[in-house]
Amino acid sequence: MIFGINNYEILDKNHKFLGRRAIYTSRAEDEINENTIPAIVNGAMQRHLINRQEIIYLFQYFRGDQPILYREKEIRPEINNKIPINNAYSIVRNSTGYFLGEPIQYTAKEKEDSDNVLRLNTFMDSENKAQEDMKLAQDASICGTAYRLVTVDNANEADEAPFEIPTLEPWNTFVIYSSRAGHKPILGVTYSSLLDDNGNINGTLYTIYDKEYQYQYSVKGGFTTEIKASDMVGTPQAHFLGSVPIVEYPNNEFKIGDFEVVMTILDAISQLHSDRMNSIQQIVNSVLVFVGCHLKSKEENKAAGAGNTSDYEKLQQYGAMELPATGSTVKPDVKYVSASVDQNEAETLAQTLIDYAYAISGIPDRKQKSGGSGDTGDAVYLRDGFQSLELVARVKERNFKKSERETLRMVCRILKVFNSIDLTPMQVDVKFIRNRTNNLVNKSQAASNLQSTGLFAPEDIIQIIGVTDDPKQMAERGQAYKDAQTAKATAKVKAQPVKTLGKGSNPDDTTDGEE
C-alpha cells in the first residue's frame, strides 16, 4: 500500500483499462490568464481524477498490490493461498532496461556544432539526466505516460548547469491541450498537498504554467476542492521559455502501460498458481470420512464406561482405532475425501498464459528450447522474441524523441541566455544507444562483403548491418583510428636508420664476399 489506500478500494473490479485520457480545452492561447485558469483547471480535474485513480492502481499493481491478495474463499476458507506472481514488474524492468539501458546521447549534425553539443552533454550529465530519463521511461512503462519539468536553476545554487529537468509524479500532474488541430499544449498543471507540522493535509498548492507565465493557487482543502481566482498566490511569474515547461512523455499513442494490456492474463496466472498451492494443501489436510461407522462423543464413551475421551481424540492420539458397524445396510468404510488439481495440466495452462502475456507485451521468451532445434543467429533472435522487444523499443523511441525535442528547445533557450551557447534542436541529433551485437559473426561477414564491392561508404555499411544507432559517429571513430595507426606506422618507418652505400669492392661495408 503506497498511497494510503488498498487497490481493492480504488476502482471497481470490472473497471476497464484502456489507456490514459487526453485532456482538452477549447480556449485559445490569448484567452489564458489568471482569471480564466481556475475554470479551465476545475473542468480538467474531473477528467484527470479518473486518470489519477488508474495511475495509482497501476503503480500499486506494479509494486505487488494485486487482486489475488483480496480473494475470498467460501469453501474451506482456511485454505486460501494468495500468491501474486508479479510478472508486471518483470515486463516493466525488461522493456525499460532494453529501451534505455544506455544513456541518451546528443550528437551534432554538423561538425561545426560539435563543441556546443559537447557542452550540452556535459550540462545534461551534471543534472543526472540519464537517471531522470530512466525514471521517465519507467513511469511511462507502468502507467502509460510521464512528465518532465524544465526550469531555470536557482541563482543561489552552486550548480554547473543553468537549468533543472526534474521528473514529476504522474498522478499529480497533467497537461491540457488545445482541442484544435495539432493539439498544442495550453497549460501544464502539477499539484501537491500542503501539510501542517503534524503531517496532516490542510490544503493543496497548484502550480500552473502556460507558455509565458507560472501561476500558483493555494486551496484550502484536498485536490477535489475547486480553485477560485482569489486563491492565487502573489502575481504571475514570467519564465521566458516560450513553451509550456511541463512536457509529457507518452509511452505510445494511446498512453497505455506495458503490462496494462495483459493484466487480466497476469491475474489469471496468479490465481492459477494460488489454486495449485490450495490443491496441495487440501490433499495434506484431506477430510477423513467414516461410512457406516459412528464416532462416539466424549459423553457417549463416558456413559458406556469406555473412557473419558471421544473416539476422534483417540484417533488423533493413536493414529488408528477400531469401530463397530452401525448396523445399517451400508458397508462400513473409512476413506479420505480430497479433490486435487492435475499438476501437469495446470503447468501447461500456466505456460500457455505466460506465453500469451509475453507475446502481447513484446517480452522475450525465457524458456530453454529442448531437443536441439538447430536454430542459430537471426533464427534464435526471432524465435525467442527479441525482434518483438526491438519493435516495442522503436515505438517508445519515436514518442520519447518527440517530447525530448520539446525539452531540448527550452534547454537551448536557457543556455543561450545564461551561457551564450547558440544551439537549436534542429542542429542536434538525439541518439538512443542499444546493444546490437547479436549474431555478430553474420553481421561481420555481411560488412566484409559490402565493403568488397566498393560501392558503399563505411557509414552506410554500419547502418545496414545495424550494430549501432549512431553509424556516423562509429564510422568517424573508425576512420580516426585507422588514420592514427597509419601515422604511427609511417613514423616508425621514418625513425629507422638509413644505410648508405660505400665505395670500392665492398659497397655495403659487410663481409659477404662481394668483389
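Now for a look at the structure at hand. (Residues numbered from 1 in each chain as written. Predicted model: local features only at pLDDT ≥ 70, side-chain atom pairs only at ≥ 80, totals over all residues. Heavy atoms only, no water.)

## Focus: the overall build of the chain
Helix and strand counts for the chain stand at 14 helices and 15 strands. For the chain, restricting intrachain contacts to residue pairs at least 6 apart in sequence, the fraction spanning at least 24 positions comes to 68%. Taken as a whole, the chain presents about 29,800 Å² of accessible surface, with 52% of it coming from carbon and sulfur. (Helix = DSSP H or I, 4+ residues; strand = E, 2+ residues; numbered from the N terminus. Contact = heavy atoms within 4.5 Å. Areas by Shrake-Rupley, 256 points an atom, 1.4 Å probe, with all protein chains shown as cover.)

## Here's the deal with helix α2 (residues 37-62)
Here α2 is 26 residues long and its end C-alpha atoms lie 35 Å apart, about the 38 Å a rise of 1.5 Å per residue gives. In the structure, α2 departs most strongly from a straight axis at Q46, where the bend amounts to approximately 35°. Among the 26 residues that make up α2, 20 are buried, leaving the element largely enclosed by the rest of the structure. (Expected span 1.5 Å × (residues − 1). Bend = angle between axes of the 7 residues up to and from the residue. Buried < 20%, exposed > 50% of the residue type's maximum accessible area, 1.4 Å probe, protein only.)

## Some words on the sheet that holds strand β6 (residues 167-168)
Read across the open sheet, the 3 strands follow the order β6-β3-β12; overall the sheet is antiparallel. Each edge of the sheet is formed by a strand with only one pairing partner; in this case those strands are β6 and β12 (246-250). Where strand β3 (residues 145-149) and β12 come together, 5 bridges link them in antiparallel fashion. Note on β12: the bridge partner recorded for L149 is I246. Along the sheet, helix α5 (residues 129-143) contacts β3, β6 and β12; its crossing angle with β3, the most-contacted strand, is approximately 150°. Sitting on the sheet, helix α11 (residues 386-419) is in contact with β3 and β12, with an inclination near 165° to β12. (Pairing = 2+ DSSP bridges. Axes fitted to C-alpha atoms, helices over the stretch in contact; angles between N-to-C directions.)

## Here we look at the environment of A146
Position of A146 relative to the elements: it lies in strand β3. The sequence separation of A146 and L168 amounts to 22 residues, and the corresponding C-alpha distance is 7.5 Å. Excluding residues that lie within four positions of it along the chain, A146 makes contacts with L136, D139, A140, V247, E248 and Y249.

## Considerations on a nonpolar patch on the surface
Together, F240, V417 and F418 give the surface a local cluster of nonpolar side chains, amounting to about 290 Å² of exposed area. With respect to the helices and strands, the residue F418 is situated in helix α11. Classification of F418 as partly exposed rests on a relative accessible area of 46%. (Patch = residues over 30% accessible without salt bridge, like charges linked within 9 Å, V, L, I, M, F, W, Y side chains within 5 Å. Salt bridge = Lys/Arg side-chain N within 4 Å of Asp/Glu carboxyl O.)

## Details of the sheet that holds strand β9 (residues 201-209)
One open sheet accounts for 6 strands, arranged β1-β7-β8-β9-β10-β11; its pairing is mixed. This sheet does not close on itself; its edge strands, each paired only once, are β1 (23-25) and β11 (237-238). Relative to β11, strand β10 (residues 213-219) is paired through 2 bridges, and the arrangement is antiparallel. Across the sheet, the residue bridging to Q214 is Q237, located in β11.

## A look at the environment of W171
Turning to its location among the elements, W171 is positioned in the loop between β6 and β7 (173-178). Accessibility expressed as a relative area gives 14% for W171, which makes it buried. Residues W171 and R52 lie 119 residues apart in sequence; the distance between their C-alpha atoms is 4.9 Å.

## Quick look at the pattern of salt bridges
Close approach of charged atoms lets side chains of opposite charge pair. Inspection of every chain in the model, using the stated rule, returns 21 salt bridges. The salt bridge involving D231 is made with K228; its shortest N-O contact spans 3.8 Å. Given the relative accessible area of 14%, D231 is considered buried. Look at K228 and you get partly exposed, because its relative accessible area is 48%. Bridged by salt links that share partners, the residues R20, R21, E54 and E260 form one connected network.

## Let's talk about the nonpolar core
The biggest cluster of nonpolar side chains holds 64 residues, and the ones touching the most others in it are Y106, L120, F163, F259, L266, F400 and V411. With 9 residues, the top contributor of residues to this core is α11. Apart from the residues lying within four places of it in its own chain, the contact partners of F400 are F99, L100, I104, D133, L136, Y249 and F432. I37, V41, L168 and I176 belong to the second largest nonpolar core, which has 28 residues in total. (Core = buried A, V, L, I, M, F, W, Y, C linked by side-chain atoms within 4.5 Å.)

## Description of the packing of helix α12 (residues 440-453) against helix α13 (residues 458-465)
As a packed pair, α12 and α13 sit with axes 10 Å apart at the nearest point and diverge in direction by 145°. Remark: the crossing between α12 and α13 carries right-handed chirality. Within the contact between the two elements, α12 uses K443, A446, A447, L450 and Q451 and α13 uses I461, I464 and I465. The residue inventory of the contact of α12 with α13, partitioned by class, reads 6 nonpolar, 1 polar and 1 charged. (Left-handed = near helix turned anticlockwise from the far one by under 90°. Nonpolar A, V, L, I, M, F, W, Y, C, P; charged D, E, K, R; others polar.)

## Re helix α4 (residues 114-126)
Between its terminal C-alpha atoms α4 stretches 18 Å, which fits the 18 Å expected from 13 residues at 1.5 Å a residue. Buried within α4 are the following residues: V117, L120, N121, F123 and M124. Angularly, the buried residues of α4 cover 160° about the axis, an arc narrow enough to put them on a single face. Those residues of α4 that are exposed and aimed more than 90 degrees away from the buried face are D115, L118 and D125. Those residues of α4 that are buried are in contact with β2 (105-108), α5, β5 (163-164), α11 and β15 (428-431). At the exit of α4 stands N128, carrying a positive phi of roughly 55°. (Arc of directions from axis to C-beta.)

## Some thoughts on the side chain of S274
Within the secondary structure, S274 sits in helix α6 (residues 263-284). Under the relative-accessibility criterion, S274 is labelled buried at 0%. For S274, the contacting residues outside a window of four places in its chain are I68, R71, N81, K82 and I83.

## Looking at the environment of R148
Relative to the assigned elements, R148 resides in strand β3. The spatial distance from the C-alpha of R148 to the C-alpha of E169 is 9.0 Å, given a sequence separation of 21 residues. Setting aside its immediate chain neighbours within four residues, R148 contacts K129, E132, D133, L136, I165, P166, P245, I246, V247, Y249, E404 and T407. A polar contact is formed between the side chain of R148 and the side chain of Y249, at a distance of 3.0 Å. (Polar contact = N/O pair within 3.5 Å; in protein donor to acceptor, adjacent residues only side chain to side chain.)

## Side note on the packing of α4 against α11
When two helices pack together, you describe them by how their axes are tilted relative to each other and by the distance separating the axes. Packing of α4 against α11 leaves a shortest axis separation of 12 Å and a crossing angle of 105°. Our classification of the angle between α4 and α11 gives roughly perpendicular. The residues of α11 that touch α4, namely those facing R119, L120, F123 and M124, are L408, V411, L415 and N419. (Parallel < 35°, antiparallel > 145°, perpendicular 65-115°, else oblique.)

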